[in-house]
Amino acid sequence: MKKKLIKIVASVLVFAAMIAIYCWANATPKIESGSIRIIISNNSDHDHPITLSNDVWTYESSEDNPITLHAILALHYEIVVDKGMLIGVNGLMADNTQYFWKIWINCEMANRGIDALSFKDGDEIRLVYTPIGDYNNHAC
């Protein structure tokens, strides 16, 4: 009986942890109004990266109209998104077999996609077109 109770408690704890991780991963952060700098660069030649765009954009966020990085990018750039993943910016397409878009926020690599990425007023966001395998490059 004691072993069965331990198994039930362990199962419930694992299930609760899975639900908590799922909710954390899918939560859209509350983002206030402000401005951010967006820098888009092509790092296909690691020795000579090219800055394609360096813009400051203001944004308004409210409970009725929450803002995401996806919304800001779609408003100011021509983007292609597939299943929440940024694929193209202004015609520069990443096939995720040879190139991908690496996202940096204030010189730290982002840990979420453009629909759930947390940022705040004054942040610098860099979108870097990066060759697959070039994981050690730094945006700053």
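Residues numbered from 1 in each chain as written. Predicted model: local features only at pLDDT ≥ 70, side-chain atom pairs only at ≥ 80, totals over all residues. Heavy atoms only, no water.

1. What about the sheet that holds strand β2 (residues 50-59)?
Spatially, the five strands line up as an open sheet ordered β2-β1-β8-β6-β7, and their pairing is mixed. At either end of the open sheet lies a strand with only one pairing partner, and these are β2 and β7 (108-109). Where strand β6 (residues 99-105) meets β7, two bridges bridge the pair, whose relative direction is antiparallel. Within β7, the residue paired with I105 across the bridge is E108. Across the sheet, helix α2 (residues 69-76) lies against β1 (34-42), β2 and β8 (124-131), angled at about 70° from β1, the strand it touches most. (Pairing = 2+ DSSP bridges. Helix = DSSP H or I, 4+ residues; strand = E, 2+ residues; numbered from the N terminus. Contact = heavy atoms within 4.5 Å. Axes fitted to C-alpha atoms, helices over the stretch in contact; angles between N-to-C directions.)

2. Re the packing of aromatic side chains
In this structure the tally under the stated criterion is four aromatic pairs. Measuring from centroid to centroid gives 5.4 Å for Y59 and F119, while their planes differ by 80°, and the two rings are edge-to-face. With a gap of 60 residues between them, Y59 in strand β2 and F119 in the loop between β7 and β8 connect regions that are remote in the sequence. (Phe/Tyr/Trp six-rings, centres within 6.5 Å; stacked < 30°, edge-to-face > 60°.)

3. So, a nonpolar patch on the surface
A contiguous nonpolar patch, built from L5, V9 and L13 and spanning about 300 Å² of accessible area, is present on the exposed surface. Assignment of secondary structure puts V9 in helix α1 (residues 2-26). (Patch = residues over 30% accessible without salt bridge, like charges linked within 9 Å, V, L, I, M, F, W, Y side chains within 5 Å. Areas by Shrake-Rupley, 256 points an atom, 1.4 Å probe, with all protein chains shown as cover. Salt bridge = Lys/Arg side-chain N within 4 Å of Asp/Glu carboxyl O.)

4. Quick look at the side chain of N42
Structurally, the position occupied by N42 is in strand β1. Apart from the residues within four sequence positions on either side, N42 is in contact with P49, I50, L52, L92 and Y129.

5. Some points on the nonpolar core
One finds I38, L69, W101 and L127 to be the most contacted residues of the largest nonpolar core, which totals 24 residues. Breaking this core down by element, the ones donating at least two residues are β1, α2, β4 (85-89), β6 and β8. Leave out the neighbours within four places in its chain, and W101 touches I40, S41, L86, I87, G88, V89, L92, A94, L127, V128 and Y129. (Core = buried A, V, L, I, M, F, W, Y, C linked by side-chain atoms within 4.5 Å. Buried < 20%, exposed > 50% of the residue type's maximum accessible area, 1.4 Å probe, protein only.)

6. So, α2
Among all positions of α2, only L69, I72 and L73 are buried. Within α2, the buried residues cover an arc of 95° as seen down the axis, which keeps them to one side. Close packing links the buried residues of α2 with β1, β2, β3 (79-82) and β8. (Arc of directions from axis to C-beta.)

7. Quick look at the sheet that holds β4
Within the open sheet, the three strands sit side by side as β3-β4-β5. Their pairing is antiparallel. With one partner strand each, in any of the chains shown, β3 and β5 (92-93) form the two edges of the open sheet. The pairing of β4 with β5 spans two bridges and is antiparallel. Each bridged residue has a counterpart across the sheet, and for G88 the counterpart in β5 is M93.

8. Section: the confidence of the model for the chain
When pLDDT is averaged along the chain, the result is 84; 89% of the residues meet or exceed 70. For the chain, per-element mean pLDDT is lowest for α1, which scores 75, and highest for β5, which scores 94. (pLDDT = per-residue confidence, 0-100.)

9. Describing the pattern of salt bridges
This model, assessed by the stated rule, comprises two salt bridges. Among the salt bridges present, the one from K120 reaches D123, with a minimum N-O distance of 3.3 Å. A residue is classified by how much of its surface remains accessible, and K120, at 52% relative accessible area, is exposed. Judged by its relative accessible area of 6%, D123 falls in the buried class. Put simply, E124 and R126 hold a salt bridge, and the shortest N to O gap is 2.8 Å.

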